[in-house]
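# Structural description and commentary
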Amino acid sequence: MSTRKWGAALIGAAALAVAGLAPAAQPLKIGFVYVSPVGDAGGTYQHDLARRALEKQYGDKIVTKYVENVPEGADAERVIRELAASGHELVFTTSFGYMNPTIKVAKSFPKVLFEHATGYKRAKNVGTYNARFYEGRYLAGIVAGKMSKSGTAGYVAAFPIPEVLQGINAFTRGMRSVNPKAQVRVVWVNSWYDPGREREAAMALISQGADVLMQHTDSTAPVQAAEEKGVYAIGYHSDMSKYGPKAHLTASTHDWTGFYGKLVGEALAGKAQPTNIWGGIRDGMVKMAPYNPAVPQDVRDLVAKAAADIAAGRLHPFGGPVKDQGGKERVPAGKFMPDDQLAVMDYYVEGVQGQLPKK
């Protein structure tokens, strides 16, 4: 599933430059589909920052359009189809639940290049791109483990899919790397973006003894709840510090600018191909936000060293031994969990409390 080098992504031997993306006098029309409002923080905001960077980089060579707050399902298929039908030659669909609609629409528009974020299904004109979110989660766990007084963190989670479970488990392992008795409690909200549910989940976790909150959701509600209740929080996707000046310790952030810029440059040159990219800290796609002054320098140094080791391949958030919640060994000592196992993760590791919801 993963390719750690830019542009090294082809879909089989049959992958060819997509017809219709040859250099032309007309601007290249690029579409973006967002699952939540753009706002000024969160996952959609990070994608839109990269879209705006494209406009600055390529000027009148391109025209971009985005459609925000598009639910996964039938609405997504309609929006994706409308973008393709209206002449957009490159379409980015930026949420996991857009996977099947993207594949379906792509069959009707073979000359359009579609790029789907965080999914795994590909076609001759459909590529995938993803960030190794779990690497940033591990670093966030180190911060939480050092800053928590109770040894209990709370995690506001969207859906029990591998991407989210990777994050929960990596965060837990990061905490336990500095506090072996640390525990993580999870509340599922079954939505990528629902400020009301996210706030309720955050409040419930605080009431259960969590004094640091983490999230895999798109709104700033958990950070705001932490600020209100006088506990810590670690943001996700983007720097959310202005929503919790005292609470926000740092954030695991994602930078799509380099990926978007390179692919659009290739499209303008008539050389674009469907991608298969899973980039992380080493690729500049995962970064930690600035720290709250409350975070001591020795903690920052510890995180910086771990980040450097991850980038260099000396440290893996799922380096063995890895045991699941029931004590079963999933990765033996001296081994790293391979990408094909990461991609289908369906369990909690040791340290996560509660039962994983059944599908």
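Our subject in this report is the structure included herewith. Because the structure is predicted, anything quoted here is derived from the model rather than measured.

### Here's the deal with the overall build of the protein
A tally of helices and strands in the protein yields 10 helices and 15 strands. The C-alpha atoms of the protein give a radius of gyration of 20 Å, which matches the 21 Å a tight globule of 359 residues would have. Dimensions of the protein, computed from the C-alpha atoms along their principal axes, are close to 60 × 45 × 40 Å. In the protein, which comprises 359 residues, the share counted as buried stands at 53%. Pairs at least 24 apart in sequence give 67% of the contacts found in the protein among residues at least 6 apart. As displayed, the protein offers around 14800 Å² of accessible surface, 51% of which is attributable to carbon and sulfur atoms.

### Comments concerning the packing of helix 4 (residues 133-147) against helix 9 (residues 297-312)
Orientation of helix 4 relative to helix 9, taken along the N-to-C sense of each, is 160°, at an axis distance of 10 Å. Judged by the angle between their axes, helix 4 and helix 9 are roughly antiparallel. Seen along the crossing, helix 4 lies across helix 9 with a hand that is right-handed. Contacts between helix 4 and helix 9 involve Glu135, Tyr138, Leu139, Ile142, Val143 and Lys146 on the former and, on the latter, Val299, Leu302, Val303, Ala306, Ala307 and Ile310.

### A word on the sheet that holds strand 6 (residues 152-157)
Spatially, the seven strands line up as an open sheet ordered 12-10-9-8-6-7-15, and their pairing is mixed. Taken across any chain shown, the strands that pair with only one partner, and hence form the sheet edges, are strand 12 (286-288) and strand 15 (352-353). Bridge analysis of strand 7 (residues 183-188) against strand 15 gives two bridges, and the strand direction is parallel. If you follow Val184 over to strand 15, its bridge partner there is Val352.

### Quick notes on the nonpolar core
In terms of nonpolar packing, the biggest core is built from 90 residues, with Phe114, Ile168 and Phe171 touching the most fellow members. Element by element, the count of residues in this core is highest for helix 4, at nine residues. When neighbours within four sequence positions are excluded, Phe171 is seen to be in contact with Arg137, Tyr138, Ala140, Gly141, Ala144, Ala153, Tyr155, Val184, Met214 and Ile234. Listed in part, the 17 residues of the second largest apolar core include Leu205, Leu213, Ala226 and Val231.

### Looking at the pattern of salt bridges
Two side chains that carry opposite charge are able to pair once their charged atoms sit near each other. Summed over all chains, the structure comprises 15 salt bridges. We note a salt bridge from Asp194 to Arg197, for which the minimum N-O separation is 3.5 Å. With relative accessibility at 23%, the residue Asp194 sits in the partly exposed group. Here Arg197 falls in the partly exposed class, since its relative accessible area comes to 40%.

So, how was this worked out
Residues numbered from 1 in each chain as written. Predicted model: local features only at pLDDT ≥ 70, side-chain atom pairs only at ≥ 80, totals over all residues. Heavy atoms only, no water. Helix = DSSP H or I, 4+ residues; strand = E, 2+ residues; numbered from the N terminus. Rg over C-alpha atoms; globule rule 2.2 N^0.38 Å. Buried < 20%, exposed > 50% of the residue type's maximum accessible area, 1.4 Å probe, protein only. Contact = heavy atoms within 4.5 Å. Areas by Shrake-Rupley, 256 points an atom, 1.4 Å probe, with all protein chains shown as cover. Axes fitted to C-alpha atoms, helices over the stretch in contact; angles between N-to-C directions. Parallel < 35°, antiparallel > 145°, perpendicular 65-115°, else oblique. Left-handed = near helix turned anticlockwise from the far one by under 90°. Pairing = 2+ DSSP bridges. Core = buried A, V, L, I, M, F, W, Y, C linked by side-chain atoms within 4.5 Å. Salt bridge = Lys/Arg side-chain N within 4 Å of Asp/Glu carboxyl O.

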